[in-house]
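Overview (structure and organization)
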Amino acid sequence: MEESKIEIVACTDKWLSKDRRDLEETVTVFKGKSIAFYHVDVTKFPSFPNITMLSHVTQACYYRLMLPEILPKSIRKVLYLDGDIIVRHSLLPLWNTNLKDYAVGAVPDVFEIEYSRAYSTRLNYPPQYGYFNSGVLLVNLEYWRKHRVVRDLLSYLQEHADILDCHDQDVLNALFYDKKVVFPIKYNLVCGFLWSSSQYDFGRYEKELHEDLRDPVIVHLTGEKPWAGYLRQPQHPFSSTFFKYQSQTKWKGVKIDRRPFKLRVINFVADTLRKYGLKSQVPLWYEYIEIAPID
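Residues numbered from 1 in each chain as written. Predicted model: local features only at pLDDT ≥ 70, side-chain atom pairs only at ≥ 80, totals over all residues. Heavy atoms only, no water.

Quick notes on the sheet that holds strand S8 (residues 189–190)
Spatial ordering of the open sheet is given by S4-S9-S8, a layout of three strands whose pairing is mixed. In this open sheet, the two edge strands, each paired with only one partner strand, are strand S4 (85–87) and S8. Here S4 runs beside strand S9 (residues 218–220); their pairing, made up of three bridges, is antiparallel. Within S9, the residue paired with Val87 across the bridge is Ile218. (Pairing = 2+ DSSP bridges. Helix = DSSP H or I, 4+ residues; strand = E, 2+ residues; numbered from the N terminus.)

See below:
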């Protein structure tokens, strides 16, 4: 992946012509950027998990497990990115990481320290290996194909479905806990690292986070989404960064608000009263730290 030539890969089980055109128009206006679509036919994989409705989880979340089968054999490495991220700087240093004999490269999950023993006990591996977030993955497709990883992933899904809490992320950790390259937090800054009530070992990451919190390479919007029509206060520190990039697309100003009309009216009135000090602020179970992001 050269700096000036980047191909975005989209895996989908539906051929939605309008969505495809919208994405192509958005990507190709930037010099050296292209997008390729690959159709996922899960019927070719009898043991593929059958998910109907699990809150925000859909069958598509498992597509990352099938990348060696979906993508051409000529592609030896791929950088997987969740849809709710912001890329703020070059990904070339990340891409150039030599995975050697490792299956993936990933960033520790924000809850790794607090819940590492619970994760490892449930997934049956030593706790010292921690737990990574699967929202950003540098995948060594050569390793996966050589070791028939897809077979093992699907087998694990079938045999341990009852113990999986984080779905595909659990499966990846269970199989790759000792076959991973650990990346700096700046390559997958999830919301939990920005909470004032830390859920991680601050002492362990203090030096690294001093710079990464203000100027991360990848921001992962794992909490409330800036594009949602209703944003509680305080907003995510990098909300303005999202809107900056959104304004460069055909979706400028678009928000998605799934609240019923009655609830929107109630929220509007309550927010107006709070603005003028006529109603107390709603306590949140989290608060963001005070930072001035470098944009």
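Here we look at the side chain of Asp82
Here Asp82 shows up in the loop between strand S3 (77–81) and S4. Look past the residues within four positions of Asp82 in its chain and what remains in contact with it is Arg64, Gly135 and His220. (Contact = heavy atoms within 4.5 Å.)

Thoughts on the pattern of salt bridges
Under the defined criterion, the tally for this structure stands at twelve salt bridges. In this structure, a network of salt bridges that share partners links the residues Lys18, Asp22, Glu25 and Lys250. (Salt bridge = Lys/Arg side-chain N within 4 Å of Asp/Glu carboxyl O.)

Brief notes about helix H9 (residues 239–246)
Listing the buried residues of H9 in full gives Ser239, Thr241, Phe242 and Gln246. The buried residues of H9 all sit within an arc of 160° when viewed along its axis, so they share a single face. Turning to H9, the residues buried within the fold contact S4. (Buried < 20%, exposed > 50% of the residue type's maximum accessible area, 1.4 Å probe, protein only. Arc of directions from axis to C-beta.)

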